[in-house]
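Inside the fold
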Amino acid sequence: MAQQTIQLDQEKLSCSICLQLLKDPVTIPCGHSYCMDCIKNYWDEKETHSCPQCRQIFTPRPVLVKNTMLAELVEDLKKAEHPTASSDYACGPGDVFCSERKQKGSKSCLVCMASNCEHHLQPHYSVSPPKKHKLIKATSKLQENICPRHDEVMKIFCRTDQQCICYLCLMDEHKDHDTVSAAAERAERQKELGRNRQKFLQRVQEREKDVKMLHRKVEAINLSADKAFRECDKAFKDLISLIEKKSSEGKQKIRSKQKAEQNRVKELQEKIEQEIRDLRRRDTELQQLSLTEDHLHFLNSYSSLSHLSASTNVPTYNNVTLQYFEDVTASVSRTRDKVKALLSDEWPKISVGMTKADILLPQGEPKTRDEFLKYSCQITLDPNTAHTLLSLSDSNRKVTLMSRNQSYLSHPDKFLDCRQVLSREGLTGRCYWEVKCNGMVGVAVAYKDIDRRGTREECGFGLNDKSWALTVSDRSYEFKHNNIPTPIPGPLSSRIGVYLDHRAGTLSFYSITETMNLLHRVQTRFTQSLYVGLWLPQSAGHTAEVCELKKRINIK
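Residues numbered from 1 in each chain as written. Predicted model: local features only at pLDDT ≥ 70, side-chain atom pairs only at ≥ 80, totals over all residues. Heavy atoms only, no water.

With respect to the overall build of the protein chain
Along the backbone of the protein chain there are 10 helices and 23 strands. When each of the 556 residues of the protein chain is scored for burial, the buried share is 28%. Taking the contacts inside the protein chain whose residues are at least 6 apart along the sequence as the reference set, 53% of them involve residues at least 24 apart. Of the accessible surface of the protein chain, which amounts to about 38600 Å², a share of 52% is contributed by carbon and sulfur atoms. (Helix = DSSP H or I, 4+ residues; strand = E, 2+ residues; numbered from the N terminus. Buried < 20%, exposed > 50% of the residue type's maximum accessible area, 1.4 Å probe, protein only. Contact = heavy atoms within 4.5 Å. Areas by Shrake-Rupley, 256 points an atom, 1.4 Å probe, with all protein chains shown as cover.)

The following block contains the structure:
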C-alpha cells in the first residue's frame with residue numbers, strides 16, 4: 001500500500017508537459033503547476049499565453065514565481081524513493097573517490113599510491129608494513145608522483161635538472177647528477193620557504209605601515225581641506241559683510257547729504273520767494289504813490305521809499321554752489337577697481353595647489369558605427385511606467401500602441417495622461433543605443449522625476465525642461481526641449497541611434513542608413529541620471545523597439 005501511495009504522489013507532482021517530477025515548480029493563475037522551464041518554453045513558442053491543460057488565456061504574460069511548498073514536496077518524494085548516503089560517505093564535486101568502491105576517500109597513501117575511505121584505511125593503522133606508510137589528506141594528484149617513463153614512484157630529486165625522478169631514472173640518464181631524496185630536498189626547501197615567508201610577512205608589515213601612513217595622510221588632507229574651506233568661507237563672508245556694510249554706509253551718507261543739500265536749497269528758495277513778495281508789495285506802494293495828486297504827500301512819501309531800489313543780501317542762483325555726488329561715484333569706482341585687481345592678483349595663488357589630474361578633458365565623439373557600438377548598453381523598458389494603452393513584449397524591449405487598455409497593476413511611476421514609457425536603467429557616462437521605429441515615434445531621454453500626470457507640458461517628452469525628444473515619422477524629424485520645436489532635415493530612416501556623454505553634457509541623435517548621419521546634437525549640463533523614453537502618439541499598431549546591440553571589441 002505504501003508503494004502505491006508514493007506512486008500516486010509522484011503522478012500528482014509531475015509536470016504535464018515533460019511528464020517528469022516538477023523541477024522549479026511554478027503555479028500559474030488558473031491553479032495548474034508546471035516546471036518553470038517547461039512553461040516558459042511553451043509560452044515562448046505561442047503567440048498567446050494559455051494553460052496547456054485548461055486552455056485559459058492570460059493577458060499580459062504572468063510573472064512566474066517558484067512554488068516553495070511544491071518544491072519541498074518534490075524533494076521529500078525524491079528522498080523517500082532514493083535515500084541518500086551517510087554524510088561521511090557522500091561524494092560531491094571535487095572530492096576524491098575511494099579506490100575500493102565509489103565513495104568519498106578520507107586519506108591518500110604515498111606508498112600505495114591510492115586513496116581510501118576510513119573503512120579501507122584500517123590496515124594502515126593496525127597492520128605492518130602498511131602501518132608505516134605515509135598518509136596524507138586525500139588528493140586527486142597522486143598520479144603526479146608516478147614517473148611517466150617507468151611507472152614508478154618518484155622518491156628522488158635531481159638537483160642538476162631540478163626535477164623529481166624514480167630510482168630507475170637515477171640508474172639511467174641521471175646517474176652522474178647531483179641527487180638527494182625527495183624528503184631531504186623538501187626539508188631544505190621547507191627551510192627556504194620559511195625564510196621566504198618571513199621576508200614576505202616583513203614586506204606585508206612594511207606595506208601595511210605604508211597603507212596606515214597613507215590613510216593618515218588622507219585624514220590630514222581632509223582635515224586641512226575642511227579647515228581651509230571653513231576659513232575661506234568665513235573670510236569671504238567677512239569680506240561680503242564688510243562690502244555690504246560699506247555699501248550701506250555709503251548709501252546712507254549719500255542720502256544724508258542729499259537731504260542736507262535739499263534743505264539748503266529749499267531754505268534759499270524760501271528766502272528768494274520772500275524777497276519776491278516784498279518787492280511786489282513795495283512796487284504796489286510805488287505805483288499807488290505815482291497816482292497821488294497831492295504834491296506834498298508825494299514828496300514826503302517818496303523820500304521814505306527811496307531805499308527800495310537797494311540790492312538785498314540774498315544770493316542769486318548763479319552764485320549758489322551745490323555739492324553734487326560725482327566725487328562719491330568716482331571714489332566707489334576706484335575702490336571697486338582696487339578690490340578687483342587685488343582678487344585677480346591673489347586668486348591664481350589660491351588655485352596653484354589644485355592638481356591637474358582632477359580636470360576631466362572632453363573626449364571626442366565616435367565617428368563610425370563600430371566605434372559607437374563600443375558604448376552600447378543593455379536597455380529594457382519598465383512596465384511600471386507604461387501607459388495603459390501600451391503593450392510591452394516579453395523581453396520588455398518592444399512597445400506597441402493598442403486600441404484597448406492593458407491590464408497593468410497600478411503604480412505611482414505609471415504615465416496616466418501621455419502614451420509613454422521609461423526604461424528601467426538610469427544612464428550616466430558614455431552610452432549608445434538604437435531604436436527601431438514603425439509609424440510616428442518619439443525617441444527621448446528624461447529625468448526620472450518627470451511628472452506622471454497633469455498637462456502635456458508637464459508630462460510629455462520634449463515639452464518641459466526635464467526631457468529631450470526627437471519625433472520620428474515617415475516624412476520628417478522634429479526635436480523638442482522645453483516645448484521649443486526644431487525641424488530637423490536629414491535622410492529618413494526607421495532606425496535611430498542615440499549617443500549620450502552624460503559628463504560632457506552631449507546628447508546626439510543619428511539616422512542610421514548605410515552610414516551614421518547626425519540629425520541633431522544637444523550641448524547642456526545634465527544634473528541627474530537619464531532614462532530612455534519612448535512615445536507613441538497616434539495610431540494603434542505603431543511600435544518602437546530598443547534594439548539589442550553587441551559591443552564591438554578591437555582585438556590587437
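Notes on the pattern of salt bridges
For the structure shown, the criterion picks out 20 salt bridges. Ionic pairing is found between E267 and K271, a salt bridge with its closest N-O pair at 3.8 Å. Here the residue E267 and the residue K271 both occupy positions in helix α6 (residues 182-290), the gap between them amounting to four residues, near one helical turn. For E267, a relative accessible area of 43% translates into the label partly exposed. (Salt bridge = Lys/Arg side-chain N within 4 Å of Asp/Glu carboxyl O.)

Here's the deal with the sheet that holds strand β23 (residues 543-546)
Across the sheet, seven strands lie side by side as β11-β12-β23-β14-β19-β20-β21; this open sheet has antiparallel pairing. Each edge of the open sheet is held by one strand with a lone partner, namely β11 (390-392) and β21 (516-523). In this sheet, neighbouring strand axes are inclined to one another by 20° on average, regardless of whether the strands run parallel or antiparallel. Note: strand β20 (residues 506-512) against β21, seven bridges, orientation antiparallel. From the neighbouring strand, T506 faces β21, where its bridge partner is Q523. (Pairing = 2+ DSSP bridges. Axes fitted to C-alpha atoms, helices over the stretch in contact; angles between N-to-C directions.)

Focus on the sheet that holds strand β17 (residues 477-481)
With antiparallel pairing, the six strands of this open sheet are ordered in space as β13-β22-β15-β16-β17-β18. Edge strands, defined here as strands with exactly one partner in the open sheet, are β13 (420-427) and β18 (484-488). The sheet shows a mean angle of 20° between the axes of neighbouring strands, direction not considered. Strand direction decides the pairing type here: strand β15 (residues 441-447) and strand β16 (residues 467-472), joined by six bridges, are antiparallel. For V443, the partnering residue across the bridge sits in β16 and is L470.

Things to note about the pairing of strand β22 (residues 530-535)
By the criterion of burial, β22 is predominantly enclosed, with five of the six residues buried. The pairing of β13 with β22 spans five bridges and is antiparallel. Within β22, the residue paired with L422 across the bridge is G533. Relative to β22, β15 is paired through six bridges, and the arrangement is antiparallel. The partner of V443 across the bridge, within β22, is L534.

Comments concerning helix α2 (residues 36-44)
Within the span of α2, buried status applies to M36, C38, I39, Y42 and W43. Buried residues of α2, seen end-on, are gathered within an arc of 165° and therefore sit on one face of the element. Packing partners of the buried residues in α2 comprise β1 (25-27), β2 (33-35), β3 (49-50) and β4 (57-58). (Arc of directions from axis to C-beta.)

Remarks on a nonpolar patch on the surface
A contiguous nonpolar surface patch, about 540 Å² in accessible area, is contributed by F236, L239, I240, L242, I243, V339 and L343. At the level of secondary structure, the elements contributing two or more residues to the nonpolar patch comprise α6 and α8 (326-351). A per-element tally of the nonpolar patch places α6 first, with five residues. Looking at the element boundaries, L242 is found in helix α6. (Patch = residues over 30% accessible without salt bridge, like charges linked within 9 Å, V, L, I, M, F, W, Y side chains within 5 Å.)

With respect to the nonpolar core
Counting 39 residues, the largest nonpolar core has V399, W433, W468, L470 and L507 as the members making the most contacts within it. With 19 residues, the next largest nonpolar core counts C15, C38, I39 and W43 among its residues. (Core = buried A, V, L, I, M, F, W, Y, C linked by side-chain atoms within 4.5 Å.)

Some thoughts on the state of the cysteines
According to the stated counting rule, one finds zero disulfides in the structure shown. Not engaged in a disulfide, the cysteine C431 finds its nearest cysteine sulfur in C377; these two sulfurs lie 4.6 Å apart. (Disulfide = S-S within 2.5 Å.)

Observations regarding α6
Counted at 1.5 Å a residue, the expected span for α6 with its 109 residues is 162 Å, and the 156 Å between its end C-alpha atoms agrees. Within α6, burial applies to E185, E261, L268, E275 and L289. (Expected span 1.5 Å × (residues − 1).)

Observations regarding unusual backbone geometry
Geometrically, the link from T59 to P60 is a cis peptide bond, its omega value of 0° lying close to zero. Of note, P60 is situated in the loop between β4 and α3 (68-81). One non-glycine residue, D151, lies in positive phi territory at about 55°. In this fold, D151 is placed in the loop between β7 (135-137) and β8 (156-158). By relative accessible area, D151 is classed as exposed at 59%.

Some details on the confidence of the model for the protein chain
The predicted model of the protein chain averages 82 in pLDDT, with 81% of residues at 70 or higher. At the level of individual helices and strands, the protein chain shows its lowest average pLDDT in helix α1 (residues 2-12), which scores 56, and its highest in β22, which scores 96. The model gives residues 84-88 a pLDDT under 50, and that stretch makes one contact with residues more than four places away or in other chains. (pLDDT = per-residue confidence, 0-100.)

Details of the packing of aromatic side chains
Aromatic rings in a pair are described by how distant their centres are and how their planes are angled relative to each other. With the rule as written, the count across this model stands at nine aromatic pairs. Ring geometry for W43 versus F58: centroids 6.4 Å apart, planes at 65°, classification edge-to-face. A residue pair is termed long-range when its members are at least 10 positions apart, and W43 in helix α2 and F58 in strand β4 qualify at 15 residues. With respect to class, W43 is no different from F58; both count as buried. With a centroid separation of 5.7 Å and 85° between ring planes, the pair formed by F415 and F461 is classed as edge-to-face. Residue F415 is found in the loop between β12 (398-401) and β13, and its partner F461 is found in the loop between α10 (456-459) and β16; the two are separated by 46 residues along the sequence. The pair formed by F415 and F461 is uniform in burial state, with each residue classed as buried. Through successive ring pairs, a cluster of aromatic residues spans F372, Y375, Y432, Y499 and Y510. In this structure, R452 packs its charged tip against the face of F415, placed 4.9 Å from the ring centre. (Phe/Tyr/Trp six-rings, centres within 6.5 Å; stacked < 30°, edge-to-face > 60°. Lys NZ or Arg CZ within 6 Å of the ring centre and 35° of its normal.)

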